[in-house]
Each structure stands twice: as structure tokens, then as C-alpha cells.
Amino acid sequence: MSHKPLNLFYQEPSSDRWVPYDRYPRKAVRELLYATGIRQRRPSGQRMVYQNLKEGLERAGIPYRDNDFRYIRRHPDELMCIVGKPHLLFEYDWPNPIIFGASIFDHPVACPDFWEKYPNVQKTLIPGPWMRDMFAEHYPEGKLAVWPVGIDVEEWRPKQPQDVKPDRVLLYDKVRWAHDRYEKVIIEPIRQHLRTQGIEIETLRYGHYFPEDLKAALERCRAVVFLCEHETQGIAYQQMLASGVPIFAWDRGGYWQDPNFFPDRVRYGPVSSVPYWDERCGMKFETADEFVGRFGDFWSRVQAGEFAPRDYVAENLSLRQCSEKYASIVAEELERPHA
């Protein structure tokens, strides 16, 4: 099947710091430092969405244009795919029909008149199912679609069998809000229980490591305790699963906790920290007491090799199949008659 090139766009917001227009030379210097290896890039989740989408399209043989603003301005009737970030949509008056997402804004109350302001947006892509349901409370359901970006299962292929690893657990700390409180009621009780079981603990905290650090930790650990209030997709935990490492996930449910919205502006629930999941991935817990009560079962199943997390990712979230899904969403919009 032949494809017309997709017009993909992603751009990080940039602002002047000291003098007008200094954002341009500052950006050029940063890119030079990254290119020469003097500075290491710590990619954001949203940038990874764009990078993984392009890699998956290449593997599927689907052509695309990469941030070709000159072309899209010369072809105002062609579909424009704004993968993110939102400022690309908000700061320019694009005449083109648009597919927007999955790197979108956090909640519809941030832009309640979205469809009046941007009637040329044909579809908004949401990275996960519970977030889609949250948006559907405010936006037309027919304008929303769930689309997760793919995971590179080759890049995250395990280098050694699970059963040759030591009895070590990776504690992955992505607790974003009220960390001091959760340190007392969740994190430290988990540490204490693992120590009493004679299990070594390795810790990574979100935003303070590079991808190579996570890969190395996964090669040393037999399982992950994943701590996060909620995830819209959860690329990092899916990379862990792709590495063949089972997860014991803190899936607390309850309300969406973003303090910019909760509790005064938005009360939405239930949410999930592992929105893409089945029984092959591992097990879940809600409280520290439940962790203590269920960890023994989880650990015995890890040692028996009963989980198959990599199979789940390969079957549901590979780069190629997710990028093909993206291309099919674009194709559907191109074929749909619009007023």
C-alpha cells in the first residue's frame, strides 16, 4: 500500500532569556553541545513520542516530512499532523486541516473553547484510555482517539536471562507531587519490607537519569517496583516491560492529582499508573499494607518465571504497529468528508 508523505510537526517551546531573539543562538549552541557530546540530551516524554513515531514509520516504510514548515505553508489544503507541543497549534493561525496529538495540553479546562477556536482540527489524539475518558467529559467523543506511541523492543531487548540476575529490585520513583508525604507512607515502608526479605534495592528517580542508566539498571534487576500517581501512557514502564522485567506497580486509582487542576478545578477518576497492562506484565498494589501482603506472591512468581512482560509489549506496543495505527488514523481523516 502506497502512502502519501505525512506532514509531521513537533517543536519545543522557546523563549527569549536576556535580549530579544536570543532564543535562536541559544538553541543553536545547545544543539551543537548535544551533537559534539559535550552535553547529553535527556529526552522528554513528549520528544520521545515524536522520535519513536518517526522511527516506527521508517520501519513500516511509510514516508513523512519532518517539520517542513515551508512545504506546509505552500500547501494549505494538506493535512498537518501536529504531534506536539501545543504551542505549535496555539501560537499560529494554520489554515490546514489538522490532527493534533498525542503531546497535547493537560485537561480540557485549559482550553474550554478549543473547538470554536480551532475548527480545522479534525481529530485530537490522546495517549491513553483513562485520559481519553477524562477529555470526553468535555469534548465531542467523535473528535477524540486513543493513540499510544510505540516502544522499540529491539533497543530494549534483554541481554541476559532473568534467572541469572541477583535478587535485586529496581525501585523506580516517579512520585511527582507531595513526595515527602509519600516517602513516609509508601516509599520507605516498601524499602523496609524489601530489606527484611534480603532483597537488594537499586533506585532511579524520574528526571534524574539518562536512558542508558535505566537500561543498565534493568540488566541488574529481576523486577521493578514502579511508583507513580498516574500515567497517561507511561513510556518508561513500558520500556521496562520490553526488557523482560516484571513490574509490581503502585496503581492507587482515585483522582487525577495534578495540583494545577486538582482539587479546585478538576475532580476526575479513576486514573491508572499502568494504563496499558495485562496479567503477563506483573502485579499491582494500592497501599503499603497491600504491598507487604502481596509482594511474596509477586516475588515467587518472578523467580518461577511466570510473567512475560516483553511479550505483552511486542504484541501491543511495538514501534511499527503503533506507527501504522497513526498512519491509519490519518488515512481515515483524509477519506472522511468534512463540511
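Preceding this section is the structure that the text describes.
Here the structure is a predicted model, which is why all the values come from computation and not from measurement.

(A) Quick peek at the pairing of strand β10 (residues 247-250). With burial as the criterion, each face of β10 is covered, one bearing Ile247 and Ala249 and the other bearing Phe248 and Trp250. Note: strand β9 (residues 223-228) against β10, four bridges, orientation parallel. Each residue of the ladder has a partner; that of Leu227, found in β10, is Trp250. Taken together, the four bridges between β10 and strand β11 (residues 282-285) define a ladder with parallel strand orientation. The residue of β11 that forms the bridge with Ile247 is Gly282.

(B) Representation of the nonpolar core. In terms of nonpolar packing, the biggest core is built from 54 residues, with Trp147, Met240 and Tyr326 touching the most fellow members. Among all residues touching Met240, those that are not within four sequence positions of it are Tyr172, Leu214, Leu218, Val224, Phe226, Val245 and Ile247. Membership of the second largest hydrophobic core comes to 30 residues, among which are Phe69, Trp94, Cys111 and Val271.

(C) A look at helix α8 (residues 211-220). Every buried residue belonging to α8 is among Leu214, Ala217, Leu218 and Glu219, and all of these are buried. Tucked inside the fold, the buried residues of α8 contact β7 (168-174), β8 (200-205), β9 and α9 (235-242).

(D) Representation of the pairing of β7 in the model. Among the seven residues that make up β7, seven are buried, leaving the element largely enclosed by the rest of the structure. Residues Arg168, Leu170, Tyr172 and Lys174 point to one face of β7 and Val169, Leu171 and Asp173 to the other, with burial holding for every one of them. In terms of strand pairing, β7 meets β8 through six bridges, oriented parallel. Considered in β8, the bridge of Leu170 is made with Glu202. With respect to chirality, the unit in which β7 leads through helix α7 (residues 179-196) into the neighbouring parallel β8 is right-handed. Relative to β9, β7 runs parallel, the two sharing six bridges. Considered in β9, the bridge of Val169 is made with Ala223.

(E) Representation of the pattern of salt bridges. The full count for this structure, using the stated rule, is 25 salt bridges. The partner of Glu12 in a salt bridge is Arg47, with the nearest N and O atoms 3.8 Å apart. Taken as a pair, Glu12 in the loop between β1 (6-10) and α1 (23-36) and Arg47 in helix α2 (residues 45-60) lie far apart in primary sequence, 35 residues in all. Among the residues examined, Glu12 registers a relative accessible area of 25% and is labelled partly exposed.

(F) Quick peek at the packing of aromatic side chains. Under the defined criterion, the tally for this structure stands at 33 aromatic pairs. Grouping aromatic residues by their ring pairs yields a cluster made of Phe90, Phe100, Phe105, Phe114, Trp115, Tyr118, Phe135 and Tyr139. The ring of Tyr71 carries the charged tip of Arg65 above its face, separated from the ring centre by 3.6 Å. Over the ring of Trp156 we find Lys215; its NZ or CZ atom is 5.2 Å from the centre of that ring.

(G) Here's a closer look at helix α6 (residues 129-136). Taking burial as the measure, the eight residues of α6 include six buried ones, the bulk of the element. Those residues of α6 lying buried are Trp130, Met131, Arg132, Met134, Phe135 and Ala136. Where α6 is buried, its residues contact β5 (121-126) and β6 (144-146).

(H) Inspection of the sheet that holds strand β3 (residues 80-84) at higher detail. Within the open sheet, the six strands sit side by side as β2-β1-β3-β4-β5-β6. Their pairing is parallel. In this open sheet, the two edge strands, each paired with only one partner strand, are β2 (64-66) and β6. Direction aside, the axes of adjacent strands within the sheet are offset by 25 degrees on average. Pairing of β1 with β2, which is carried by three bridges, proceeds in the parallel orientation. Counterpart to Leu8 in the pairing with β2 is Asp66. With respect to the sheet, α6 is in contact with β5 and β6, its orientation differing from that of β6 by roughly 170 degrees.

(I) Geometry of unusual backbone geometry. In this structure, Lys85 follows Gly84 across a cis peptide bond, with omega equal to -5 degrees. Following Gly269, the chain continues into Pro270 via a peptide bond in cis, with omega recorded as 0 degrees. Secondary-structure assignment places Pro270 in the loop between β10 and β11. Positive phi, normally seen in glycine, also occurs at Asn67, with a value near 50 degrees. Note on placement: Asn67 falls in the loop between β2 and α3 (69-74). In this structure, Ala178 takes a positive phi of about 50 degrees despite not being glycine. Within the secondary structure, Ala178 sits in the loop between β7 and α7.

Thresholds, definitions, all that
- Residues numbered from 1 in each chain as written.
- Predicted model: local features only at pLDDT ≥ 70, side-chain atom pairs only at ≥ 80, totals over all residues.
- Heavy atoms only, no water.
- Buried < 20%, exposed > 50% of the residue type's maximum accessible area, 1.4 Å probe, protein only.
- Helix = DSSP H or I, 4+ residues; strand = E, 2+ residues; numbered from the N terminus.
- Pairing = 2+ DSSP bridges.
- Core = buried A, V, L, I, M, F, W, Y, C linked by side-chain atoms within 4.5 Å.
- Contact = heavy atoms within 4.5 Å.
- Right-handed = clockwise from strand over helix to strand, strands pointing away.
- Salt bridge = Lys/Arg side-chain N within 4 Å of Asp/Glu carboxyl O.
- Phe/Tyr/Trp six-rings, centres within 6.5 Å; stacked < 30°, edge-to-face > 60°.
- Lys NZ or Arg CZ within 6 Å of the ring centre and 35° of its normal.
- Axes fitted to C-alpha atoms, helices over the stretch in contact; angles between N-to-C directions.

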